[in-house]
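Here are the chains, one letter per residue:
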Amino acid sequence: MKAILLLLVATLSFYHVYCAMTEAQMKATLKLVRNTCQPKSKATNEQIEGMHSGNWDLDKNGKCYMWCILNMYKLIGKDNSFNWEAGIAVLKAQAPETVRDPAIASVNNCKDAVKTASDKCEAAYEIAHCMYLDNPEKYFLP
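What counts and how
- Counting from 1, residues in each chain are numbered in the order their sequence is written.
- Local features in this predicted model are restricted to residues of pLDDT 70 or higher, and side-chain atom pairs are both shown and tallied only at a pLDDT of 80 or more, whereas totals for entire chains, interfaces and linings draw on every residue.
- Note: side-chain values were computed over all heavy atoms of the structure, leaving out hydrogens and water.
- What we call a nonpolar core is a set of buried Ala, Val, Leu, Ile, Met, Phe, Trp, Tyr and Cys residues that are connected through their side-chain atoms within 4.5 Å.
- Each residue is assigned to one of three classes by its accessible area relative to the maximum for its type, calculated with a 1.4 Å probe on protein chains only: buried under 20%, partly exposed between the two thresholds, exposed over 50%.
- For helices the rule is a DSSP run of H or I covering at least 4 residues; for strands it is a run of E covering at least 2, with both sets numbered from the N terminus onward.
- Residues are treated as being in contact if the distance between any of their heavy atoms lies within 4.5 Å.
- Cavity and pocket criteria rest on a 1 Å grid covering protein atoms alone: a 1.4 Å probe that fits but cannot get out defines a cavity, protein on both sides within 12 Å along at least 5 of 7 lines defines an open pocket, and an atom within 4 Å of a point defines a lining residue.
- Grid points are joined across faces, edges and corners, and a volume is the space filled by probe spheres set on the points.
- When residues are grouped by polarity, Ala, Val, Leu, Ile, Met, Phe, Trp, Tyr, Cys and Pro land in nonpolar, Asp, Glu, Lys and Arg in charged, and all others, Gly among them, in polar.

Chemist: Pulling in residues and values, what's your account of the nonpolar core?
Modeler: Formed by 36 residues in total, the largest nonpolar core has its most connected members in Trp56, Tyr65, Met66, Met131, Phe140 and Leu141. For this core, the secondary structure elements donating two or more residues are α2 (23-41), α3 (45-52), α4 (60-72), α5 (84-94), α6 (97-109) and α7 (120-134). Looking at this core, the element that brings in the most residues is α7, giving seven residues. Not counting the four nearest positions on each side in its chain, Phe140 is found in contact with Met26, Leu30, Leu91, Val99, Ala103, Val107 and Met131.

Here you go:
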């Protein structure tokens, strides 16, 4: 019995299962991340909704909201650099098809978006703002 179980586990470990999120799963995940980061940063609903409509005139709270988002996704390093490689890997593995390619293009186009690495919130703002400007219709951060 142990041999069969071991064989089954070994066999399954060699298979890579491709499993992207559905649109509904992605929306639920984004909502969860927003509900986690918004209270931590004290960003307002108006600020968050404003970003999605092009108003990026944010105070420190709004910028720190973006840091929380990128930090939760492990997209910003301890040195406040953009971990764009991880972003592309996650998008390829998990993003729904409608989001995947435009989001990967935006991540690639914003590799060097960080200009203010001395401030984590400002660095995160620069990354998120770049991705919004690259493709506002397909901006995907919560």
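Moving on, there is more to tell.
Chemist: Can you tell me about the layout of surface pockets, naming the residues and giving the values?
Modeler: Taken as a whole, the largest pocket holds about 300 Å³ of empty space. In this structure, the largest pocket is lined by 14 residues; those nearest its centre are Met26, Lys27, Leu30, Tyr139 and Phe140. Elements with a contribution of two residues or more to the lining of the largest pocket: α2 and α6. It is α2 that provides the largest number of residues to the lining of the largest pocket, a total of five residues. Counted by class, the lining of the largest pocket contains seven nonpolar, two polar and five charged residues. In this structure, the second largest pocket spans a volume of roughly 260 Å³. Lining of the second largest pocket is provided by 16 residues; of these, Met26, Tyr73, Val90, Leu91 and Phe140 occupy positions nearest its centre. No other element matches the four residues that α5 contributes to the lining of the second largest pocket.

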